[in-house]
Amino acid sequence: ARLSRSPAPPSLTPPTVLTTFDPGSFASRLPEATRTPPPVPVSGPGTFDGTFEGPLSAYELRAHFASPGLRIGRAEGLLLTGTISVTSPRALVETFTVTAPATAASPRAGLINGRFTYQFGGGASDLTAEFRDLDLDVALAAYDREPTTFAAWQRGTVRLRRASPQ
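Residues numbered from 1 in each chain as written. Predicted model: local features only at pLDDT ≥ 70, side-chain atom pairs only at ≥ 80, totals over all residues. Heavy atoms only, no water.

Student: I'm lost on the nonpolar core in this one. Help?
Tutor: Buried together is how nonpolar side chains tend to be arranged in soluble globular proteins. Grouped together as the largest cluster of nonpolar side chains are 16 residues, with contacts concentrated most on Phe65, Leu78, Leu80, Ile84 and Phe96. Counting residues per element, the ones that place at least two in this core are strand S6 (60–72), strand S7 (75–86) and strand S8 (90–100). What phenylalanine 96 contacts, discounting residues up to four positions off in sequence, is Phe65, Leu80, Thr81, Gly82, Ile112, Asn113, Gly114, Arg115, Leu127 and Ala129. (Core = buried A, V, L, I, M, F, W, Y, C linked by side-chain atoms within 4.5 Å. Buried < 20%, exposed > 50% of the residue type's maximum accessible area, 1.4 Å probe, protein only. Helix = DSSP H or I, 4+ residues; strand = E, 2+ residues; numbered from the N terminus. Contact = heavy atoms within 4.5 Å.)

Right, dumping it as structure tokens:
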């Protein structure tokens, strides 16, 4: 299978906080957000290996997926792996891992581990992910932005929840 960019439905567009960093004072500030940026391009080869079971009224598609050379925005060579389960009420990415390989400029491999649920129809959707050793330049590249002039590694947890599609 081949992964390619497709525009996200409005119900999948996550809320966005725009931040800037002032290297002169080492203080961060939140500018006034005037718009949500467009989705970034995602591409790369991928594989799906799974099963489809049950009648159409009560099916389950369960698959393991991998992309050894994923590109998100300007970030290249990312490894994506995970497991997805799709039933008529929801799509559940039970686990996913994105690995940003170590490079000469960023000697630590960055990891993002998470889970994503998308409810079809009017239900809630959510994403929970933990990241560690994620190089700031890799994160900016994935967001389709220019790199910085200093090294910084990030660690944290992200939780996004959308009560229902709008």
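Once the structure has been displayed, the description carries forward.
Student: Would you take a moment to explain the pattern of salt bridges for this structure?
Tutor: Should their charged atoms come close, side chains of opposite charge can pair. Using the criterion set out here, one finds seven salt bridges in the structure. Residue arginine 74 pairs with aspartate 144 through a salt bridge whose shortest N-O separation is 3.0 Å. Pair noted here: arginine 74 is in the loop between S6 and S7 and aspartate 144 is in the loop between helix H1 (136–142) and strand S11 (153–162), with a separation of 70 residues, a long-range link. In this structure aspartate 144 comes out as partly exposed when scored by relative accessible area, which is 27%. In this structure, aspartate 133 engages arginine 108 in a salt bridge whose closest nitrogen and oxygen atoms are separated by 3.4 Å. Of this pair, aspartate 133 sits in strand S10 (residues 125–135) while arginine 108 sits in the loop between S8 and strand S9 (110–119), placing them 25 residues apart in sequence. Assessed through its relative accessible area of 38%, arginine 108 is described here as partly exposed. (Salt bridge = Lys/Arg side-chain N within 4 Å of Asp/Glu carboxyl O.)

Student: How should the confidence of the model for the protein be read in this particular structure?
Tutor: For any part of a model where pLDDT is low, the fine detail of the predicted coordinates should not be relied upon. Across the protein, pLDDT averages 77, with 75% of residues at or above 70. A low-confidence stretch, residues 1–36 (pLDDT under 50), is modelled with 49 contacts involving residues beyond four sequence positions or located in other chains. (pLDDT = per-residue confidence, 0-100.)

Student: Looking at this model, I keep getting lost on the side chain of threonine 83. Mind explaining?
Tutor: With respect to the helices and strands, the residue threonine 83 is situated in strand S7. Among the polar contacts made by the side chain of threonine 83, one reaches the side chain of histidine 64 at a distance of 3.0 Å. Those residues in contact with threonine 83, other than ones at most four positions away along the chain, are Arg62, Ala63, His64, Phe65, Leu92, Val93, Glu94 and Thr95. (Polar contact = N/O pair within 3.5 Å; in protein donor to acceptor, adjacent residues only side chain to side chain.)

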